[in-house]
Amino acid sequence: MQPIEIRDVTLVYDTPGGKVPGVKDVSFNIDASEFVCIVGPSGCGKSTLLNMIAGFLAPASTAAWCSRTLPSFSRGAPRSATSRSGWK
């Protein structure tokens, strides 16, 4: 397993009330075989960050994104999950 490097990742939601930061300037490394937990209060960007790492959301800006190629899905469940579980 290759390490993941996240550097200065930002995502901003464009809402009718204006721009709202979902994640701002997040940086960390996950080494091979390392176990990581992302914790924080509701609304702090945990799911948004994981969705960016999974490829469901594109970050607004990054200095360096990842040291490996991440999947990219336009929407819905990953194709591998669809084919194995029968999800439609």
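Residues numbered from 1 in each chain as written. Predicted model: local features only at pLDDT ≥ 70, side-chain atom pairs only at ≥ 80, totals over all residues. Heavy atoms only, no water.

(A) Quick look at helix 1 (residues 46-54). Taken residue by residue, helix 1 has Thr48, Leu49, Met52 and Ile53 as its buried positions. The arc enclosing the buried residues of helix 1, seen along the axis, measures out at 135 degrees, which places them on a common side. Next to the buried residues of helix 1 lie strand 1 (4-15) and strand 2 (18-30). (Buried < 20%, exposed > 50% of the residue type's maximum accessible area, 1.4 Å probe, protein only. Helix = DSSP H or I, 4+ residues; strand = E, 2+ residues; numbered from the N terminus. Arc of directions from axis to C-beta. Contact = heavy atoms within 4.5 Å.)

(B) Looking closely at the side chain of Thr10. Considering the arrangement of structural elements, one finds Thr10 in strand 1. Once residues within four sequence positions are removed from consideration, Thr10 is found in contact with Val23, Lys24, Asp25, Pro59, Ala60 and Ser61.

(C) Structural detail: the side chain of Thr48. Mapped onto the fold, Thr48 is located in helix 1. Those residues within four positions of Thr48 in sequence are excluded, and the remaining contacts are Leu11, Tyr13, Val23 and Leu57.

(D) Just unusual backbone geometry, in detail. A positive phi is found at Asp8, a non-glycine position, where the angle reads about 50 degrees. Take Asp8: it is sitting in strand 1. One non-glycine residue, Asp25, adopts positive backbone phi at about 50 degrees. Position of Asp25 relative to the elements: it lies in strand 2.

(E) Representation of the pairing of strand 1 in the model. Summarising the sheet, strand 1 and strand 2 pair through nine bridges and their orientation is antiparallel. By the bridge assignment, Glu5 is partnered in strand 2 with Asn29. The turn linking strand 1 back onto strand 2 is made up of two residues. (Pairing = 2+ DSSP bridges.)

(F) Structural detail: the confidence of the model for the chain. Chain-level statistics for the chain give a pLDDT mean of 75 and a share of 67% at 70 or above. Every residue in residues 80-88 is under pLDDT 50, and counting partners more than four places away or in other chains gives five contacts. (pLDDT = per-residue confidence, 0-100.)

(G) Just the environment of Leu11, in detail. For Leu11, the location among the structural elements is in strand 1. A sequence separation of 34 residues divides Leu11 from Gly45, and the C-alpha atoms of the two residues are 9.4 Å apart.

(H) How the structure looks around a nonpolar patch on the surface. Taken together, the side chains of Val36, Ile38 and Leu50 make up a nonpolar region of the molecular surface, amounting to roughly 220 Å² of accessible area. Among the structural elements, Leu50 can be located in helix 1. (Patch = residues over 30% accessible without salt bridge, like charges linked within 9 Å, V, L, I, M, F, W, Y side chains within 5 Å. Areas by Shrake-Rupley, 256 points an atom, 1.4 Å probe, with all protein chains shown as cover. Salt bridge = Lys/Arg side-chain N within 4 Å of Asp/Glu carboxyl O.)

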